[in-house]
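Each chain is listed here by its residues.
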Amino acid sequence: GHPRLALWASGLLFGAIHGNWEIFLPLTLFGILLALLYKKTGNLLAPILTHSFFNFFNFLLIRNPEWLKRLEQHLTQGP
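Heads up: these notes are all about the structure in this document. Computed from a prediction, not measured in an experiment: that's the story for all the values here.

1. Let's talk about helix H2 (residues 24–41)
Counted at 1.5 Å a residue, the expected span for H2 with its 18 residues is 26 Å, and the 26 Å between its end C-alpha atoms agrees. When H2 is considered as a whole, its buried residues turn out to be Leu27, Thr28, Phe30, Gly31, Ile32 and Leu34. Of the surrounding secondary structure, the elements contacted by the buried residues of H2 are helix H1 (3–17) and helix H3 (45–63). Taken from the residues just after H2, Gly42 is the one with a positive phi, measuring 70°.

2. A look at the side chain of Thr28
Relative to the helices and strands, Thr28 is located in helix H2. On the basis of relative accessibility, which here comes to 2%, the residue Thr28 falls in the buried class. Discounting residues that sit within four places of it in the chain, Thr28 has contacts with Gly11, Leu12 and Gly15.

3. Re H1
End to end, H1 covers 21 Å across 15 residues, agreeing with the expected 21 Å (1.5 Å per residue, within 8%). When we look at burial in H1, the residues that qualify are Leu7, Gly11, Phe14 and Gly15. All buried residues of H1 project into a common sector of 95° when viewed along the axis, lining one side. Structural note: H1 exposes Leu5, Leu13 and Ile17 on the side pointing more than 90 degrees away from its buried face. The inward-facing, buried residues of H1 abut H2 and H3.

4. A few points about the packing of H1 against H2
For the pair H1 and H2, the least separation of the axes is 7 Å and the interaxial angle reads 135°. Between H1 and H2, the angle falls in the class oblique. For the crossing formed where H1 meets H2, the hand is right-handed. Here H1 contributes Leu7, Trp8, Ser10, Gly11, Leu12, Phe14, Gly15 and Ala16 to the contact with H2, which in turn contributes Phe24, Leu27, Thr28, Phe30, Gly31, Ile32, Leu34, Ala35 and Leu36. Class assignment of the residues belonging to the contact of H1 with H2 gives a composition of 12 nonpolar, 5 polar and no charged.

5. Here we look at the environment of Leu37
If you trace the backbone, Leu37 turns up in helix H2. Its relative accessible area of 25% is what places Leu37 among the partly exposed residues. The spatial distance from the C-alpha of Leu37 to the C-alpha of Phe57 is 19 Å, given a sequence separation of 20 residues. Ignoring any residue separated from it by four or fewer positions in sequence, one finds Leu37 in contact with Ala46, Pro47 and Thr50.

Thresholds applied
Residues numbered from 1 in each chain as written. Predicted model: local features only at pLDDT ≥ 70, side-chain atom pairs only at ≥ 80, totals over all residues. Heavy atoms only, no water. Helix = DSSP H or I, 4+ residues; strand = E, 2+ residues; numbered from the N terminus. Expected span 1.5 Å × (residues − 1). Buried < 20%, exposed > 50% of the residue type's maximum accessible area, 1.4 Å probe, protein only. Contact = heavy atoms within 4.5 Å. Arc of directions from axis to C-beta. Axes fitted to C-alpha atoms, helices over the stretch in contact; angles between N-to-C directions. Parallel < 35°, antiparallel > 145°, perpendicular 65-115°, else oblique. Left-handed = near helix turned anticlockwise from the far one by under 90°. Nonpolar A, V, L, I, M, F, W, Y, C, P; charged D, E, K, R; others polar.

Shown next as structure tokens:
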């Protein structure tokens, strides 16, 4: 009955359930993005795959921190 309230509530719940207050806001926004993706596509697979890709990418960065350092160097130095 209240789509905007549901959107914000699900985003806030998504951010809070991860239990890390340092990244609460980015995860809340990501949760809202996932909800909007579901609304736009009407398919639950789209946000599930997006969330999986997000988790996998973060896993790779945690396992290979030098990748992030190289990316930061590339972005600050330019091409």
